[in-house]
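Okay, here's what each chain looks like letter by letter:
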Amino acid sequence: MWRIGTVVDLRDETATARTITLQVPDWPGHLAGQHVDVRLTAADGYSAARSYSIASAPNTEGRVEITVEGLPNGEVSPYLTQQVASGDRLELRGPLGGWFVWRTEQTEPIQLIAGGSGIVPLMAMIRSRAASGSSAPFRLLYSVREPGAVFYRDELRKRSENEHSPTLTYAYTRITPKDWPRPPGRIGASLVAEAAWPSQLVPTCYVCGPTPFVESAAGFLSACGNGQDKIRTERFGPTGGRK
Amino acid sequence: MSAQMNYLDGNAAAGELSKIFAIDVTSAEGQCAHCGAKKRFAEARLYMQCPGVVARCCACEHVLLRMVNVRQRVFLDMRGMTYVNLDAA
């Protein structure tokens, strides 16, 4: 079932990514970590749909935020990051997926690992934690190309300082800030062992990013002693999947 | 990107499956008819590069589900799963 959402706010997160806030009158509510499918239809009837994670915390106001990374040859994302305007109406289906979710009743330690725009559903979990007054301890390991590619930078810093959760660890893969202690590179077993909750605390782990990233991050968590049943993953790919 | 890295998670089929099922199938537990593994459908390996959607068991890679859209019709093959245990709450 496709619903109509009206664009009520647009915010640039980076040079290529943008957050779109939609007001959806008949929105049934969502859980942190869920996604929506967004469908665009051309004048000739051709339509294309893509999945986007919801960035906003669950709310009762029918407000849904998605953050979209513009892909150079994308069918849908260039429109969403460059052309869509306030007042435009978009078709969306959802909320979707009941497995990669964090519920406010969960009290165990939470380990979040994001690769690039994989931060989006994890941000919904961080926001949901704050909005619900939960005291579940969160840690976030955020792998990103360079400082300019970080989504929600100021909000993450403030939440980390004021609420002490999530504890933040950035891993830069191409360019680091000046005087950064670690050289740029992909996340490895030692960084995961150092930044993530010890497996003895039995954290629930949520990993989101491109497929190869998720594959290696989930492998490192597993090698640290986290059970398969405690590691939930959400992969996205170049076409058809999450952007 | 290697062929082995072209898959997503069963999660990503939630929208397509919502066209058919009233209950979220991705969070349901299913049993692989080939190896007997009991997993959430969200944990399956999902291939979407084809004309439809193919989900494979994350333990043995046997095909669990195939779904193809042709015009206004949907072809659904779920014989790769012995059962699906849905939360009807």
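Residues numbered from 1 in each chain as written. Chains lettered and ligands numbered in written order. Predicted model: local features only at pLDDT ≥ 70, side-chain atom pairs only at ≥ 80, totals over all residues.

1. So, the pairing of strand E5 (residues 52-56) of chain B
Residues and elements named next belong to chain B.
For step 1, the next point in the chain: Across the five residues of E5, four count as buried, placing the element largely inside the fold.
For step 2, the next point in the chain: By the bridge criterion, three bridges tie strand E4 (residues 45-47) to E5 in an arrangement that is antiparallel. Paired with Tyr47 across the two strands is Val54, which belongs to E5.
For step 3, the next point in the chain: Following E4, the chain reverses through four residues before pairing antiparallel with E5.
For step 4, the next point in the chain: Sheet topology note: the E5/strand E6 (residues 63-70) ladder contains five bridges and is antiparallel. Note that in E6 the partner of Arg56 across the bridge is Val63.
For step 5, the next point in the chain: The hairpin formed by E5 and E6 contains six residues between the paired strands, and Glu61 there has a positive phi angle of roughly 70°. (Buried ≥ 20, exposed ≤ 12 C-beta atoms within 10 Å, placed from the backbone. Helix = DSSP H or I, 4+ residues; strand = E, 2+ residues; numbered from the N terminus. Pairing = 2+ DSSP bridges.)

2. Comments concerning the interface of chain B and chain A
How large an interface is tends to be reported as the accessible area lost when its parts come together.
For step 1, the next point in the chain: At the interface, 17 residues of chain B touch 19 residues of chain A.
For step 2, the next point in the chain: Its residues assigned to classes, the side of chain B that touches chain A comprises seven nonpolar, seven polar and three charged. (Contact = placed C-beta atoms within 7 Å. Nonpolar A, V, L, I, M, F, W, Y, C, P; charged D, E, K, R; others polar.)

3. Quick notes on the sheet that holds strand E3 (residues 35-41) of chain A
Residue and element names in this part refer to chain A.
For step 1, the next point in the chain: Read across the sheet, six strands follow the order E4-E3-E6-E1-E2-E5 without closing on themselves; strand pairing throughout is antiparallel. Here the strands that pair on one side only, and so sit at the sheet edges, are strand E4 (47-53) and strand E5 (63-69). Averaged over neighbouring strand pairs, the angle between their axes works out to 40° when direction is ignored.
For step 2, the next point in the chain: Bridge count for E3 against strand E6 (residues 89-96) is four bridges, and the pairing is antiparallel. Residue Val38 lies in a different strand from E6, and its bridge partner there is Leu92. (Axes fitted to C-alpha atoms, helices over the stretch in contact; angles between N-to-C directions.)

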